[in-house]
Amino acid sequence: MERKTSSNDTSQSEASSTSESDIRSSPQLMDTDAFNDFLKSCGSPPASYRLGDDLDWNAPWVEIKLQVELPFWLFVENTTLQVEVGGHEFPVSIHMEYFELYANNISDSKNSLIYQGKFLKDDEMPENIQEFKRLNPTIHLLWRKAKSVLTITTRCNEDVWLKRTKDPSSVTPQSVILYFDELCRAHIPVLNKLVQGYRLATYDPFAFEVAPWDVPYWMIKRDSKAYSCILVPYKRWDHPISKRSDGQLEQLKLTNADSLRTHLLTSPHPGELELLDAINFMERGNYSDAIRRITTAIEAIVCAVTEKVVSAKEGPEAAKKFIKDTRVNFYSRIRKYTQLSGRVFPDFQQKILDQTRKLRHRIVHAGYRISPAERGLAQKYVDCGCWMFNWFENDAERCNVRERQIVLRSLGREMTYNIFQSQITPEGVTLSQPR
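Residues numbered from 1 in each chain as written. Predicted model: local features only at pLDDT ≥ 70, side-chain atom pairs only at ≥ 80, totals over all residues. Heavy atoms only, no water.

A. Quick peek at unusual backbone geometry. Non-glycine residue Y203 carries a positive phi angle of around 55°. Looking at the secondary structure, you find Y203 in the loop between helix 8 (188-202) and strand 8 (217-222). When its relative accessible area of 70% is taken as the criterion, Y203 is described as exposed. Positive phi outside glycine occurs at Q405, with the angle close to 55°. Turning to its location among the elements, Q405 is positioned in the loop between helix 16 (396-403) and helix 17 (406-409). (Helix = DSSP H or I, 4+ residues; strand = E, 2+ residues; numbered from the N terminus. Buried < 20%, exposed > 50% of the residue type's maximum accessible area, 1.4 Å probe, protein only.)

Written out as structure tokens, the structure reads:
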């Protein structure tokens with residue numbers, strides 16, 4: 001098996017091989033006539049372009065295998081099961097004896113991973129790894145025992161596969177990288193169907209349904225070739241660094257020691273920790289709990305600010321009585337708050353709040369589980385819920401902490417989810433170009 005480097009990392013390293021100073025000093029670009037000739041040679045730009053136009057979406061399918069390690073053990077013997085999702089049966093193999101081999105260091109990003117499979121003695125190593133050792137005699141090879149590893153037999157667009165396996169010295173098209181990312185994400189329901197069956201069979205308290213955050217690292221295999229995908233960019237960070245305008249690297253910081261010291265002594269406002277939980281659950285892929293927490297956060301802050309304003313206008317005893325009398329009448333609290341404060345709760349936020357609470361009701365009382373396909377809707381409700389929390393809290397300082405550095409805080413997030421729309425049909429997984 002060849003060395004497995006992240007397809008995203010490979011693309012970035014290749015794309016950055018020409019520095020800005022190289023471009024500025026290039027004699028061809030400094031020569032206006034030569035540059036104009038170059039532009040003419042490119043032809044006319046396309047009238048329109050959509051992401052994925054460089055892929056042949058009508059190409060035939062080819063069989064591939066997806067390999068992923070679960071973050072927990074499945075206490076069962078090695079076996080292959082037929083897992084039915086969306087009318088299609090996926091062969092899924094469970095491997096309990098797999099190991100990983102790393103060069104020099106073992107990292108969460110798996111950037112130095114060179115082999116995954118059964119434990120091998122030195123003379124049993126594949127020829128490419130033995131050649132790698134001969135060329136690098138001082139390198140240290142380190143083994144790591146994996147937990148349960150699953151292999152899913154599925155399919156891939158042949159044109160995408162051929163574009164990925166072409167000359168390794170060329171830059172992999174971004175559309176190919178995004179296709180593979182989405183292909184892996186599309187199979188998470190297959191993992192969860194197997195995990196659900198295992199949990200029902202065992203009631204193992206350590207097993208849980210997974211999301212990209214839990215299973216970020218995937219291997220895509222066909223014949224003797226293998227490529228890796230890391231679904232959550234944050235998981236690629238072995239060091240939290242950022243690049244300054246002068247090109248130097250520095251540690252990424254969202255706060256400083258003094259601010260952190262101050263916030264250790266800060267009491268959160270009612271509902272604020274639930275708000276933080278909702279934001280975190282969205283990133284971890286637990287969308288149902290994100291909706292539950294954002295709704296609780298809003299209810300808690302509404303209760304607090306309503307009691308405060310009633311106490312100021314009508315006295316503490318009246319405030320306590322009103323809160324007790326309205327414990328099952330949330331909207332009467334909002335009406336009372338807006339009446340006494342003179343503030344007007346925007347109609348569009350009221351509408352979204354109604355929708356969020358109805359969804360929370362389905363989750364809590366009907367056991368509804370938000371699917372990955374509804375991720376965008378859940379994100380909308382959490383984002384709008386955060387704005388509502390700001391509105392009721394009415395605290396400029398806390399709002400500033402919450403809303404500043406949004407771009408910096410977005411680094412490492414899973415931003416390309418469903419960029420190629422996926423679904424599982426009776427024929428198998430299908431990916432389509434965005435419309």
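Right, picking up where we left off after that structure.
B. Local environment of the layout of surface pockets. In this model, the largest pocket occupies a volume close to 1,500 Å³. Along its surface, the largest pocket is lined by 41 residues, and L254, L276, I279, R402 and R409 are the ones closest to its centre. Those elements that provide at least two residues to the lining of the largest pocket are helix 9 (257-264), helix 10 (272-284), helix 15 (375-393), helix 16 and helix 17. Among the elements that take part in the lining of the largest pocket, helix 10 stands out by supplying eight residues, more than any other. Across the lining of the largest pocket, the residue classes tally to 20 nonpolar, ten polar and eleven charged. If you add up the space inside the second largest pocket, you get close to 740 Å³. As for the second largest pocket, its lining consists of 28 residues, and the residues nearest its centre are N192, E209, V210, G285 and R369. Broken down by secondary-structure element, the contributors of at least two residues to the lining of the second largest pocket are helix 8 and helix 11 (287-314). It is helix 8 that provides the largest number of residues to the lining of the second largest pocket, a total of six residues. Of the residues contributing to the lining of the second largest pocket, the split by class is 14 nonpolar, six polar and eight charged. (1 Å grid on protein atoms, 1.4 Å probe; cavity = no way out; pocket = protein on both sides within 12 Å on 5 of 7 lines; lining within 4 Å. Points joined across faces, edges and corners; volume = space filled by probe spheres on them. Nonpolar A, V, L, I, M, F, W, Y, C, P; charged D, E, K, R; others polar.)

C. Up close: the packing of helix 13 (residues 330-341) against helix 14 (residues 347-366). Two elements in contact, helix 13 and helix 14, have axes whose closest approach is 13 Å; the angle formed by their N-to-C orientations is 160°. The angle between helix 13 and helix 14 falls in the class roughly antiparallel. Read as a crossing pair, helix 13 and helix 14 show a hand that is right-handed. Each of F330, Y331 and I334 in helix 13 lies in contact with helix 14, whose residues at this interface are Q350, L353, D354 and R357. (Axes fitted to C-alpha atoms, helices over the stretch in contact; angles between N-to-C directions. Parallel < 35°, antiparallel > 145°, perpendicular 65-115°, else oblique. Left-handed = near helix turned anticlockwise from the far one by under 90°. Contact = heavy atoms within 4.5 Å.)

D. Spatial organisation of the state of the cysteines. Following the criterion strictly, the structure yields zero disulfides and no others. Between C229, a cysteine without a disulfide, and C184, which holds the nearest cysteine sulfur, the sulfur-to-sulfur distance is 4.4 Å. Exposure remark for C229: the relative accessible area of 1% places this residue in the buried category. (Disulfide = S-S within 2.5 Å.)

E. Structural view of the pairing of strand 8. Burial within strand 8 is extensive, with five of its six residues counted as buried. The sheet contact formed by strand 1 (residues 61-69) and strand 8 spans four bridges and is antiparallel. Among the inter-strand pairings, V68 is bridged to a residue of strand 8, identified as W218. Both strand 8 and strand 9 (residues 225-230) contribute to a ladder of six bridges, which runs antiparallel. Its bridge partner lying in strand 9, I220 is registered against Y227. Connecting the antiparallel pair strand 8 and strand 9 is a turn made up of two residues, with D223 showing a positive phi of about 55°. (Pairing = 2+ DSSP bridges.)

F. Up close: the nonpolar core. By size, the foremost hydrophobic cluster in this structure holds 44 residues, and its most contacted members are L150, Y179, F180 and W218. Take this core: its biggest share by element is seven residues, from helix 7 (residues 174-186). If near-sequence neighbours (up to four positions away) are discounted, W218 is found in contact with L66, Q67, V68, I152, C184, H187, I188, L191, Y227, S228, C229 and L231. Formed by 38 residues, the second largest nonpolar core is a distinct cluster that contains I301, V302, I334 and V382. (Core = buried A, V, L, I, M, F, W, Y, C linked by side-chain atoms within 4.5 Å.)

G. Seen up close, the pattern of salt bridges. The tally for this structure, following the rule as stated, stands at 23 salt bridges. Residue E69 pairs with R144 through a salt bridge whose shortest N-O separation is 2.9 Å. A residue pair is termed long-range when its members are at least 10 positions apart, and E69 in strand 1 and R144 in strand 6 (residues 141-145) qualify at 75 residues. Classification of E69 by relative accessible area gives buried; the value is 14%. (Salt bridge = Lys/Arg side-chain N within 4 Å of Asp/Glu carboxyl O.)

H. Seen up close, the packing of aromatic side chains. By the definition in use, this model includes 19 aromatic pairs. When the centroid spacing of 4.9 Å and the interplanar angle of 35° are considered together, the rings of F345 and F392 count as tilted. Linking F345 in the loop between helix 13 and helix 14 with F392 in helix 15, this pair joins segments that are 47 residues apart in sequence. By the ring-pair criterion, three or more aromatic residues cluster together here, those being W57, W161, Y179, F180, Y227 and F420. Its end group placed over the ring of W61, R155 keeps NZ or CZ at 3.9 Å from the ring centre. Cation over ring: K336 sits above F322, and NZ or CZ is 5.6 Å from the ring centre. (Phe/Tyr/Trp six-rings, centres within 6.5 Å; stacked < 30°, edge-to-face > 60°. Lys NZ or Arg CZ within 6 Å of the ring centre and 35° of its normal.)

I. A look at a nonpolar patch on the surface. A cluster of nonpolar side chains, namely F35, F38 and L39, defines an oily patch on the protein surface of about 280 Å² accessible area. Within the secondary structure, F35 sits in helix 4 (residues 32-41). (Patch = residues over 30% accessible without salt bridge, like charges linked within 9 Å, V, L, I, M, F, W, Y side chains within 5 Å. Areas by Shrake-Rupley, 256 points an atom, 1.4 Å probe, with all protein chains shown as cover.)

J. Up close: the sheet that holds strand 6. If you trace the three strands from one edge of the open sheet to the other, you get 5-4-6, paired in antiparallel fashion. A strand with exactly one partner marks an edge of an open sheet, and here the two such strands are strand 5 (113-118) and strand 6. Neighbour-to-neighbour, the strand axes of this sheet turn through a mean angle of 25°, independent of strand direction.

So yeah, pure geometry; function would need other evidence.
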